[in-house]
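Residue-level listing of the chains:
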Amino acid sequence: MIGQTIAHYTILEKVGEGGMGVVYKAQDTKLDRLVALKFLPVHLSASEQDKARFVQEAKAAAALNHPNVCSIIDIQEHDGNMFIVMEYVDGSTLRQKMPAITQGKAIDIGIQIAEGLAAAHEKGIVHRDIKPENIMIRKDGIVQIMDFGLAKLRASGSTITRLTREGSTVGTAGYMSPEQVQGQDADHRSDIFSFGVMLYELFTGELPFKGVHETALIYEIVNVDPAPMTAIKADLDPELDRIVLECLQKEPDERYNAVKDIAKDLRRVKRESSKAKLSRTFAAQTVYRSTASVPAQSGVGETISARKGKVIGYIALIAFIAGIALTTLFWRPWSIQGVTAPPNMHFTIELPDSLAIPIGTSGLNISPDGKYLAFLIQSGVNAKIMIRPVDRENLELVLGSEVPATGGVQVYFVFSPNGQWIVYNPSNIIQKSSVFGGAAVAICDAGGQPRGLWWGSDNNIYFGHISSVIYRVSADGGKPVPVTSLDSASGEISHRFPELLPDGKSVLYTIKFNNITSFDEAAIAVLDTKSGEKKILIRGGSYGRYIPTGHIVYARGSYIYAVPFNLQKLEITGPPKQLFKGGWMNPFSGDVSLAFSDDGTLLFIPRGIESYSVGRIKWLDMGGHLSPFVDTMNSYFTAALSPDGNKLAIHVQAANDDVWLYHIGRKSLTRLTFGGGNSGYPVWTPDGRYVIYGSERGRATNIYRAAWDGSGKEERLTNSPQSQYPHSVSPDGKFLAFIQDGDIWLLSLDGSGKTAPFFTSPATEGNPVFSPSGRYLAYETNESGKNEVVVVPFPSRAGKWQISSGGGSNPIWGPTGNEIYFIQGTSIFCVTIHPGSSFDYSAPRKIMDLPPDGAFLTDISSDGKRFVMVTLPYKDLNSSEFTLVTDWFQELKNIFSAK
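Residues numbered from 1 in each chain as written. Predicted model: local features only at pLDDT ≥ 70, side-chain atom pairs only at ≥ 80, totals over all residues. Heavy atoms only, no water.

**Q** I keep staring at the overall build of the protein chain and nothing clicks. Help me out?
**A** Secondary structure summary: the protein chain contains 11 helices and 63 strands in total. Long-range pairs, those at least 24 residues apart, make up 48% of the contacts in the protein chain between residues at least 6 apart in sequence. For the protein chain, the accessible surface area stands at approximately 36700 Å², while carbon and sulfur atoms represent 50% of it. (Helix = DSSP H or I, 4+ residues; strand = E, 2+ residues; numbered from the N terminus. Contact = heavy atoms within 4.5 Å. Areas by Shrake-Rupley, 256 points an atom, 1.4 Å probe, with all protein chains shown as cover.)

Dropping the structure here:
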């Protein structure tokens, strides 16, 4: 069946086969996404009664919407054979993974399965065939239950054996409940028994019932109590034995009544195990004393014994981090004098090569109680938030937090005041998750890209905005309401990085102005929300954070500063002091990688801003060789060649981005736009007279154009409350294709300023590019769940062809229109367009791998022999190192008290 199209599903490959049929990976040609097709054995769909029963069960299962349940999308029939269309899960079965699963991971898997089952049981849906083969573990660690609704179908169509009685008995030998093997009615408690069998095998590697033939197995399931798991693995937590054996009770009434209670108990074991492990670590530690003398310190607000415990605790943290291959670890006490209390300690921790914090966002945090660390970790082309309890050795994924690492979306995350929740923003949606795991809970749509998050003591979430004010929304969800207001007369265009101060009414935040080129020129302000009084506290800095010692800490350039602050009067009371280099401030958004807990533990990345302006623009020939183009390094984003090939319009990133012109012959770089907010995304008109670009003048980015040589006045082409990003001008110069709200729009360039949607869909489209003939438009879309390159006729849209397979982005037409180039993974692919009245094209072919520092293609030369490429040294775009400092509040006090 490979290559065959059934309904609107093109079968790509066979991925599995079992008693319930054959599974194929397929392409949904309507929605351009990958799906899984399960064709049921003919004998299971022979009668109309069977079909009706199956459709009824599948409809119920399709109503499930839970991250730990594989979704059923559709039910179809082909040549009298039923098949179901399911979400395509890229991963391995639990059976395949089981040999390598640790106890801690087994508990996590058990919790996720229990949550998925609980969601089904609450809707009255019973699985009836829980076993390792029906559990998938995705590559991102999410566990999903497969095949809801199929087991009941097997009952009516199976042949009669001692284990399978027609019309009544369903399940898989060894995992069935006593009531199943005896042909009795099976409700949700039967799933609990099967789940217990699977947990028993997961923790011990053995099944609880081991009859050598069917009759013996039935006898054991009905009559024999399994051996305690601790008899097989003595180091297992006895509480796990209690949980599993309660699942395996012979009488349904004696089992857990609800699977959600199993999830609750497993979480408790997880927490208690962590505490016990921490205690064992404490007992094993040797307390090292510095040979340097240490002075008596007063006013710290805690006993010496408490401080000793905290220091040892962080030594334990480092030991555990080393346990999961966090390497290059060392600690050193600071050289201070005296002996009455241990000094504060600095730990420098380096992540292994496989883990790194990506550039550009506040990539770490610590819970107020100091029990959890959180990191934004880059993994392949994606980034995701991982939580690391200080007393346990594993990083745990925050479900729903994964985003493209190069997607331009900045992710923020902060803990709740009690440390039990974490709030974050994948894309523009703000949501929260429990630190103990589980599905994400949506809070609100931020209405654009957030800039900073804060969970206040008033149970409100405060967030800044890329081009607006500070908003507040209940942590339980609701509609955001503005807290601050922009002073347009002073050039304010964004308020960001809010913090609700301890008085419960004042908000600290950073102001971005429309004429600054660096966040060293930003300001930090405070607003008393009760009186409405606003004060500018600091001019020249970003990311202000209040410290209980009575200071505001902030970033400027590559350094962290602190300044005394009176919380009651909301006033600065002394000069600032430079503390240390670090924080890795993003010079384009003002983000800083710095956080601290209530007990004074500091966490930061010990790097400055120097790793940002490292991009180069180079030529890349068709042989894969790079050669110099633009001489200087800078924070280049994209670049477009002029029609005559003599100039390059470049988008350069800064606190306010601008468009610059590079004169190739003179090798000189001149600025085209000046202030007013971010300006970028340059596009040339076909006659080479103008550069069209997007510019932020207020809350939205609209479209402007200017003569390339700076003569004449800048012309505004659109005026919309929606942000618009230009991409390509048609060869006749009549239309500009631009992106608005993730859709493709057209702007008429006849002076009328008319705009109209060209292609809209629930998916996100990007990078629309006209063909040299103007007959076609290529663009990328994520309709299938990942980006693919698609071509449509222009202007009719009478057709649609996906030219990439397995992913594609960044389409570029060759100058003759006979080729389309695009990126797939780390390679450049090409599709040849065959001449003719209809659109005919070849299969994609790989032409080269991207260079190690190749970031993205931006244009192609007029002879079609070279690409314009922005290159970036990836080792400088992420950080594998962070620093943890204990008792940092006391250190800060000492700095300001020193004379």
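**Q** Would you explain helix α6 (residues 188–204) in this entry?
**A** Two residues of an α-helix separated by three or four positions point the same way, owing to the 3.6 residues in each turn. The terminal C-alpha atoms of α6, which comprises 17 residues, lie 25 Å apart, in line with the 24 Å expected from a rise of 1.5 Å per residue. Gly 205 occupies a position one or two residues after α6 and carries a positive phi of about 85°. (Expected span 1.5 Å × (residues − 1).)

**Q** I would appreciate a short explanation of the packing of aromatic side chains in the present structure.
**A** The geometry of an aromatic ring pair comes down to the distance between the two centres and the angle between the two planes. This model, assessed by the stated rule, comprises 29 aromatic pairs. On the numbers, 6.0 Å between centres and 70° between planes, the contact of Tyr 546 with Phe 565 is edge-to-face. Highlighted residues: Tyr 546 in strand β30 (residues 542–547) and Phe 565 in strand β32 (residues 559–566), separated in sequence by 19 residues. For Phe 565, a relative accessible area of 5% gives the class buried. Taken together, the ring pairs in this structure connect Phe 637, Tyr 681, Tyr 725 and Phe 856 into an aromatic cluster. (Phe/Tyr/Trp six-rings, centres within 6.5 Å; stacked < 30°, edge-to-face > 60°. Buried < 20%, exposed > 50% of the residue type's maximum accessible area, 1.4 Å probe, protein only.)

**Q** So what exactly am I meant to see when it comes to the sheet that holds strand β46 (residues 715–716) here?
**A** Adjacent strands of a sheet pair through backbone hydrogen bonds, lying either parallel or antiparallel. Pairing within the open sheet is antiparallel, and its 4 strands lie in the order β43-β44-β45-β46. Since the sheet does not close on itself, it has two edges, and those belong to β43 (679–684) and β46, each with one partner. Direction of pairing for strand β44 (residues 690–696) relative to strand β45 (residues 701–707): antiparallel, over a ladder of 7 bridges. Across the sheet, the residue bridging to Tyr 690 is Ala 707, located in β45. (Pairing = 2+ DSSP bridges.)

**Q** Sorry if this is basic, but what is going on with unusual backbone geometry here?
**A** Between Phe 794 and the following residue, Pro 795, the backbone shows a cis peptide bond with an omega angle of 5°. Mapped onto the secondary structure, Pro 795 falls in the loop between β53 (788–793) and β54 (801–802). Its identity is not glycine, yet Ala 7 carries a phi of approximately 55°, on the positive side. Structurally, Ala 7 can be placed in the loop between β1 (5–6) and β2 (9–18). With a phi close to 60°, Asn 810 is a non-glycine residue in the positive phi region. Within the secondary structure, Asn 810 sits in strand β55 (residues 809–813).

**Q** In this structure, what is going on with the confidence of the model for the protein chain? I would like to understand it.
**A** Close inspection of predicted coordinates is inappropriate for parts of the model with low pLDDT. Across the protein chain, the average pLDDT comes to 83, with 84% of residues at 70 or higher. Note that pLDDT drops below 50 for residues 153–170; the model gives that stretch 49 contacts with residues more than four away or on any other chain. Low pLDDT (under 50) marks residues 275–316, which in the prediction has 70 contacts with non-local residues, meaning those over four places away or in another chain. (pLDDT = per-residue confidence, 0-100.)

**Q** Would you take a moment to explain the sheet that holds strand β49 (residues 743–748) for this structure?
**A** The strand order across the open sheet built from 4 strands is β47-β48-β49-β50, with neighbouring strands paired in antiparallel fashion. Unpaired on one side and paired on the other, β47 (724–729) and β50 (755–759) mark the two borders of the sheet. Here the average twist between neighbouring strands, direction ignored, is 35°. Judged from the 6 bridges that link them, strand β48 (residues 735–740) and β49 form a sheet pairing that is antiparallel. Residue pairing in the sheet places Ile 739 in a bridge with Ile 744 of β49. (Axes fitted to C-alpha atoms, helices over the stretch in contact; angles between N-to-C directions.)

**Q** Looking at this model, I keep getting lost on the pairing of strand β26 (residues 492–500). Mind explaining?
**A** Regular strands show a simple pattern: their side chains alternate between the two faces of the sheet. In terms of residue burial, β26 counts as a mostly covered element, since 9 of its 9 residues are buried. Sheet topology places β26 next to strand β27 (residues 506–513); 6 bridges connect them, and they run antiparallel. Paired with Glu 499 across the bridge in β27 is Leu 508. The antiparallel pairing of β26 with β27 creates a hairpin that spans 5 residues between the two strands, and Gly 504 there sits at a positive phi of about 75°.

**Q** Explain the side chain of Ser 635 here, please?
**A** With respect to the helices and strands, the residue Ser 635 is situated in the loop between β38 (626–628) and β39 (636–641). Non-local contacts of Ser 635, meaning those with residues more than four positions away in its chain, are made with Phe 588, Tyr 612, Ser 613, His 651, Val 652 and Gln 653.

**Q** What should I look at first to understand the pattern of salt bridges in this one?
**A** A side chain with one charge can pair with a side chain of the opposite charge if their charged atoms come near. A full pass over the atoms with the stated rule returns 29 salt bridges. A salt bridge links Glu 492 to Lys 534; its shortest N-O distance comes to 2.6 Å. Taken as a pair, Glu 492 in strand β26 and Lys 534 in strand β29 (residues 534–539) lie far apart in primary sequence, 42 residues in all. For Glu 492, a relative accessible area of 4% translates into the label buried. Taking relative accessible area as the criterion, Lys 534 reaches 31% and is therefore assigned partly exposed. Where salt bridges share partners, they join Glu 239, Arg 242, Glu 246, Asp 265 and Arg 268 into one cluster. (Salt bridge = Lys/Arg side-chain N within 4 Å of Asp/Glu carboxyl O.)

**Q** Whenever I open this one, the side chain of Gln 27 confuses me. Can you help?
**A** Tracing the chain through its elements places Gln 27 in strand β3 (residues 21–28). For Gln 27, a relative accessible area of 15% corresponds to the buried category. Beyond its immediate stretch of four places on either side in the chain, Gln 27 contacts His 8, Tyr 9, Thr 10, Leu 12, Asp 32, Arg 33, Leu 34, Ser 784 and Gln 802.

**Q** What is the right way to read the pairing of β44 from this model?
**A** Here β44 lies mainly inside the structure; 6 of its 7 residues are buried. Judged from the 4 bridges that link them, β43 and β44 form a sheet pairing that is antiparallel. When the sheet's bridge partners are listed, Gly 680 is paired in β44 with Gly 694. The antiparallel hairpin formed by β43 and β44 contains 5 residues in its connecting segment, where Gly 688 sits at a positive phi of about 75°. Hairpin remark: β44 followed by β45, antiparallel, with 4 residues in the connecting loop; positive phi at Gly 698, about 110°.

**Q** I keep staring at the packing of α6 against helix α8 (residues 238–247) and nothing clicks. Help me out?
**A** A packed helix pair is summarised by two numbers, namely the angle formed by the two axes and the spacing between the axes. Contact pair α6 / α8: the axes reach a minimum separation of 7 Å and the direction vectors enclose 145°. Crossing angle aside, the handedness with which α6 passes α8 is left-handed. Across the interface between the two elements, Ile 192, Phe 193, Gly 196, Leu 199, Tyr 200 and Phe 203 of α6 pack against Leu 240, Val 244 and Cys 247 of α8. When grouped by side-chain class, the residues that make up the contact of α6 with α8 number 8 nonpolar, 1 polar and no charged. (Left-handed = near helix turned anticlockwise from the far one by under 90°. Nonpolar A, V, L, I, M, F, W, Y, C, P; charged D, E, K, R; others polar.)

**Q** Looking at this structure, I do not really get the environment of Met 146. What am I missing?
**A** Its location among the elements puts Met 146 in the loop between β9 (143–145) and α4 (151–157). It is 9.8 Å that separates the C-alpha atoms of Met 146 and Thr 93, two residues lying 53 residues apart in sequence. With sequence-adjacent residues up to four places away left out, Met 146 is seen in contact with Cys 70, Val 89, His 127, Asn 134 and Met 136.

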